[in-house]
Amino acid sequence: MIRALNLHMKLLLIYTVTTLLVFSVAGGYWVYSNYQSHQVFFQQRIEKQAEMVASNIGAAVMFEDSRAIQDVLSALRMDDAILSARVLNREGNQIGRVELHPRDASDGSLILWFLGEQHQGTVVVAIEEAGQYLGRVEVDFDRCEIHDAVRAAAWVALISTLLAIALGTLLASRLQNRVTGPIRQLSQMAREVTQTSNYSLRSAVNSKDEVGELSQDFDSMLELIEHREKRLEAMVEERTAELINKNDALASQIAESRRLSEELKHQASHDTLTGLANRRVLNQALAAVNKDSRNHDKQHTLCILDLDQFKTVNDTCGHMAGDELLCQVAQVIRNNVREDDLVVRLGGDEFALLLYHCNREEAVHLTEAIRKAIEDIHFPWEGNTFRISASIGAMASSMVEVDTNEALQQVDSACFAAKEAGRNRVHIIAPQDRDCLDRQGEMQWLHRLHQAMEFNRFVIYAQPIFPLNKGDCTEYVEILLRLRDTDGTLVPPGAFLPAAERFGLSVKLDQWLILHLLDNMPRYRQAFGDKRSYWVNLSGSSISDEKFLEFLETTVRNSDLPPGMLNFEITETSVIRNLSVARDTIMRLRGLGCQFSLDDFGSGMSSYGYLKNLPVDTIKIDGMFIRDMLEDKVDMVFVRSIIDIASAMGIKVIAEYVENPDILSKVIELGIAYAQGYALGMPEELLSEELRQAI
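Residues numbered from 1 in each chain as written. Predicted model: local features only at pLDDT ≥ 70, side-chain atom pairs only at ≥ 80, totals over all residues. Heavy atoms only, no water.

Student: Please give an account of the pairing of strand 1 (residues 82-89) that cites residues and values.
Tutor: Counting buried residues in strand 1 gives eight out of eight residues, a clear majority hidden from the surface. By the bridge criterion, seven bridges tie strand 1 to strand 4 (residues 132-142) in an arrangement that is antiparallel. Counted as the bridge partner of Ile82 is Phe141 from strand 4. Pairing of strand 1 with strand 2 (residues 94-99), which is carried by five bridges, proceeds in the antiparallel orientation. Bridge pairing links Arg86 to Arg97 in strand 2. (Buried < 20%, exposed > 50% of the residue type's maximum accessible area, 1.4 Å probe, protein only. Helix = DSSP H or I, 4+ residues; strand = E, 2+ residues; numbered from the N terminus. Pairing = 2+ DSSP bridges.)

Student: Tell me what's going on with a negative patch on the surface, and back it up with residues and numbers.
Tutor: A grouping of Asp628, Glu631, Asp632 and Asp662 is seen on the molecular surface, where their side chains present a negatively charged patch. As for its position among the elements, Asp632 is in the loop between helix 21 (623-628) and helix 22 (633-649). (Patch = residues over 30% accessible without salt bridge, like charges linked within 9 Å, V, L, I, M, F, W, Y side chains within 5 Å. Areas by Shrake-Rupley, 256 points an atom, 1.4 Å probe, with all protein chains shown as cover. Salt bridge = Lys/Arg side-chain N within 4 Å of Asp/Glu carboxyl O. Lys, Arg positive; Asp, Glu negative; His and termini not counted. Charge placed at Lys NZ, Arg CZ, Asp CG, Glu CD.)

Student: If you had to explain the packing of helix 14 (residues 506-519) against helix 15 (residues 521-528) to someone new, which residues and values would you point to?
Tutor: Interaxial distance between helix 14 and helix 15 falls to 4 Å at its minimum, and their mutual angle equals 55°. The orientation of helix 14 with respect to helix 15, classified from their angle, is oblique. Taking contact as the criterion, the partners of Leu517, Leu518 and Asp519 in helix 14 are, on helix 15, Met521, Pro522 and Tyr524. (Axes fitted to C-alpha atoms, helices over the stretch in contact; angles between N-to-C directions. Parallel < 35°, antiparallel > 145°, perpendicular 65-115°, else oblique. Contact = heavy atoms within 4.5 Å.)

Student: Any details on the layout of surface pockets? Residues and values, ideally.
Tutor: In this structure, the largest pocket spans a volume of roughly 1000 Å³. Along the walls of the largest pocket sit 36 residues, with Glu478, Leu480, Pro493, Leu497 and Asn537 positioned nearest its centre. For the lining of the largest pocket, the secondary-structure elements that each account for two or more residues are strand 13 (475-484), helix 13 (493-502), helix 14, strand 15 (532-538), helix 18 (572-577), strand 17 (596-601) and helix 21. Of the residues assigned to the lining of the largest pocket, the class counts are 13 nonpolar, 12 polar and 11 charged. (1 Å grid on protein atoms, 1.4 Å probe; cavity = no way out; pocket = protein on both sides within 12 Å on 5 of 7 lines; lining within 4 Å. Points joined across faces, edges and corners; volume = space filled by probe spheres on them. Nonpolar A, V, L, I, M, F, W, Y, C, P; charged D, E, K, R; others polar.)

Student: Explain the side chain of Lys620 residue by residue, including any values.
Tutor: Relative to the elements of secondary structure, Lys620 occurs in strand 18 (residues 618-621). For Lys620, the side chain forms a polar contact with the side chain of Glu569, separated by 3.0 Å. (Polar contact = N/O pair within 3.5 Å; in protein donor to acceptor, adjacent residues only side chain to side chain.)

Student: Got a sec to walk through the sheet that holds strand 3 (residues 120-129)? Specific residues and values, please.
Tutor: Strand order in the open sheet formed by four strands is 2-1-4-3, and the pairing between neighbours is antiparallel. At either end of the open sheet lies a strand with only one pairing partner, and these are strand 2 and strand 3. With strand direction ignored, the average angle separating the axes of adjacent strands in the sheet is 15°. Lying on the sheet, helix 3 (residues 66-74) is in contact with strand 1 and strand 2; it crosses strand 2 at an angle near 35°.

Student: How would you explain the nonpolar core if you had to name every residue and give the values?
Tutor: In terms of nonpolar packing, the biggest core is built from 73 residues, with Phe458, Ile479, Phe568, Leu598 and Ile619 touching the most fellow members. For this core, the element with the most residues is helix 14, which contributes seven residues. Other than its neighbours up to four places away in sequence, Phe458 contacts Leu449, Ala452, Met453, Leu481, Arg482, Leu483, Phe496, Leu509 and Trp512. With 33 residues, the next largest nonpolar core counts Cys303, Cys317, Leu326 and Phe351 among its residues. (Core = buried A, V, L, I, M, F, W, Y, C linked by side-chain atoms within 4.5 Å.)

Student: Just give me the short version of the confidence of the model for the chain, but keep the residues and values in it.
Tutor: Confidence along the chain averages 82 in pLDDT terms, with 89% of residues attaining 70 or more. Across the chain, the element-wise mean pLDDT spans from 50 in helix 24 (residues 689-694) up to 94 in strand 20 (residues 674-675). (pLDDT = per-residue confidence, 0-100.)

Student: I'd love a proper account of the packing of aromatic side chains, names of residues and values included.
Tutor: Inspection of the entire model under this criterion finds 10 aromatic pairs. Ring geometry for Tyr32 and Tyr35: centres 6.1 Å apart, planes at 40°, overall tilted. Here Tyr35 and Tyr32 lie together in helix 1 (residues 7-56), a separation of three residues that amounts to about one turn. The class for Tyr32 is partly exposed, based on a relative accessible area of 44%. (Phe/Tyr/Trp six-rings, centres within 6.5 Å; stacked < 30°, edge-to-face > 60°.)

Student: An account of a nonpolar patch on the surface is needed here, citing residue identities and associated values.
Tutor: Nonpolar side chains collect at one region of the surface, where Trp155, Leu158, Ile159, Leu162 and Leu163 lie side by side and expose about 520 Å² of accessible area between them. For Leu163, the location among the structural elements is in helix 5 (residues 144-196).

Student: If you had to explain the environment of Ser506 to someone new, which residues and values would you point to?
Tutor: By secondary structure assignment, the location of Ser506 is in helix 14. Put simply, Ser506 and Phe496 are 10 residues apart on the chain and 10.0 Å apart in space, counted from C-alpha to C-alpha. Apart from the residues lying within four places of it in its own chain, the contact partners of Ser506 are Ala500, Glu501, Ser539, Ser541 and Ser542. Polar side-chain contacts of Ser506 include one of 3.5 Å to the side chain of Ser539.

Structure (structure tokens):
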């Protein structure tokens, strides 16, 4: 509220408040001093009158003359402040009393209450005669006289204060106009400058006080602003001329920026080396084709092309030669597709094609033309000429049956199938092709197997191999591998071992199994004793891997196991790949106390021919012969011949797939040394939970 007042009113308010405060303090002090002087005088007056009565009433008190006492006390009637008087003898008995000016004791004064005084009081004076105490005089009085005097003084102070404020305010108002007038002039001029931007205006204030100095400073400021405004106008004119001159250059820069933007946009969607579209464009095109096919049921063909001998050129002649060859291949592909077809470089030596409105027959014609054109490329470089070829996988589909990612995976699998089939060929599949899906499943297993090894989700199982000779007290078990999936279910080896073999993980799986088996061997020996023989299957990749064999030799040598406790099985098909390597492997591990069994014996075409060159301890007849030998005479002949050959060579025979008592009886009758199958024992976890707790 005070902030809304103008300067004139604020000065008047300050003066009024200050004057009121000063006069209030001074007036209060004067009123209080007046009260003090009246109080002293009043008290002295009452006491003098009481003393005068006490000095004149001694004789009357001595003789207890009531009339005389009454006459003396009546002399106090002349003082209006005295209410009553009484005389008491030395025993305190009242012997005389007079009521002079009776008043109501409740008629008090607010001023006296504020000053801390009671309305009525009593003065007591002793009565003595010749030094002898005769009694006392008590005089009751009223202080209303003081109240009236204080009230009169307060009114005088209040009226004086109000008169001083009124006169002072009138005078101050006139004087303040001389101060606030120049300030109002400056304010009006500032407002005019703000509204008109006329910085040539000057103030008309000529005083030599602070307001005059303010006026001079204000004029100086306007002069400075006027000067700077003129200078700024000159600079603006100069700058405007410069901008006009640079306008053409800016337009040229904008055009260049647009060109660069278009170039960057092209680079974001195209391969910088070949100029072909990139994977991003392919994904967008597949999404558009999928949407279009849903509306019009049109068929298109998706292809992936992989160069077969590109690595040879790249390694022999360097990346510059490789880049040049890729550019030539890209041009050959462009020349052999239709104008609307999309050609994409996925990366490295891999390309993709999206052939629009192209059914299977047309796709065969186009892809074969591309394959032949690439095969015909003669690439000369530094005196050498190179020939290359391409493996192409393709899928003709409406693109509604599969989503974009699944389509790419299936076509990639088709390209892989073309390479596996001998390279330089086209492999066209239909959506949801069984072989393609199986290959995809194997590729998915690759990731799952890596995770299983990382988080130790493999479980070691064992299936007993029973000796049929009652004199053999050794307990034989074949070590098997199971995978515990993320949901806790057990996955049989037939589901993941083919993928492990295809993608080169079988060696790592064998290594994992042997390490965990030997790490837990002290617990197995504690649970089962030293009369148990463990037979571990080795993959064909492990047998021919020198680093794995070095690991295996070191591990077996450091295991400190009794001879014959850790043994190995190898399949006949893995031995056929490299007979000399298999023989060397067997000899090296037999020297460390390990025995060998030849698994799936009889499945090959020349099993007998290489058996005499392998120093194995046992052979395990392929289960397909054992399972059907009771019904199939040819199988029985094979089984008998294997038994005869093994017996002649001093090799013991194991019959697997013994699934019922009839087969077991026949196996015993044939004189086979060992039997294995569901009729004798199911595969179980090597160290069950009950055994763990027991240990």
